[in-house]
Amino acid sequence: QLEMLWCDIEPLPGVYDFSDLDRVFLHAARRGKHVNISLYTTDGNMPAWLRQKKYNVLDQYGKPAWGRTDWLMLLVPPPSTHVPLYREHFRDVWKLIAERYTPSGRLLRFDLRPPLCERFYFDDFINDMRGTDNVWDYSEWARRDFIRYLRDRRKLTLEEVSRRAGTLFDSW
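Residues numbered from 1 in each chain as written. Predicted model: local features only at pLDDT ≥ 70, side-chain atom pairs only at ≥ 80, totals over all residues. Heavy atoms only, no water.

### Regarding the side chain of D145
For D145, the location among the structural elements is in helix α6 (residues 140-153). Judged by its relative accessible area of 16%, D145 falls in the buried class. Separated by 3.2 Å, the side chains of D145 and R87 make a polar contact. Not counting residues up to four positions away in its chain, the partners in contact with D145 are H82 and R87. (Helix = DSSP H or I, 4+ residues; strand = E, 2+ residues; numbered from the N terminus. Buried < 20%, exposed > 50% of the residue type's maximum accessible area, 1.4 Å probe, protein only. Polar contact = N/O pair within 3.5 Å; in protein donor to acceptor, adjacent residues only side chain to side chain. Contact = heavy atoms within 4.5 Å.)

Right under this line is the structure:
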């Protein structure tokens, strides 16, 4: 199990450093081991450049997620994983990881540790400290993605969603 931080792999936008992952992966492969790669992406592990004001990354409540210090990140909601820039770079780093390590035949799987999954386990602790719910993403991007999921993937109409929820929604 190799656990890496996104901030170490993409220190600058579109600039990747796989030296640590290469070294550890090669070490395991030489010993005949198969490897799982986990990429940690929480607020403190996402690239620092992505938390700069100019990128305007928002948290789950639509508030700015930039300019945070490491100690403060435990006390505030993580960035929304639905922000287009976040998703674009996240997709690109995984594509590169897959292309780089899959041909070896030693890669079993890769998984991610997104903000919502990591924070879930500490939910009670963090909620007690902040008095808020930190698991849910209320951003506009999450809303649009959820609507798209209901309509395109699940093939549900607004009427069917209303029926299942036991209420009457007048719009998406």
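### Details of the confidence of the model for the chain
When the pLDDT values of the chain are averaged, the result is 76; 70% of them are 70 or greater. Averaged pLDDT values for the elements of the chain fall to 45 in helix α4 (residues 115-121) and rise to 91 in helix α2 (residues 19-30). Here residues 115-135 is modelled with pLDDT under 50, and outside its nearest four sequence neighbours on either side it reaches 40 contacts, counting other chains as well. (pLDDT = per-residue confidence, 0-100.)

### Quick look at the pairing of strand β1 (residues 2-5)
Taking every second residue as pointing to the same face, the buried face of β1 carries L2 and M4, while none of E3 and L5 on the other face is buried. Pairing between β1 and strand β2 (residues 35-40): four bridges, direction parallel. The residue of β2 that forms the bridge with E3 is S38. (Pairing = 2+ DSSP bridges.)

### Here's the deal with the pattern of salt bridges
Within this structure, the stated rule accounts for eight salt bridges. For D145, the salt bridge identified is with R87, shortest N-O distance 3.2 Å. Taken together, the positions of D145 in helix α6 and R87 in helix α3 (residues 84-101) put the pair 58 residues apart, joining distant regions of the chain. For D92, the salt bridge goes to R91, with nearest N and O atoms at 3.0 Å. A cluster of three or more residues bridged by salt bridges with shared partners is formed by R87, D145 and R148. (Salt bridge = Lys/Arg side-chain N within 4 Å of Asp/Glu carboxyl O.)

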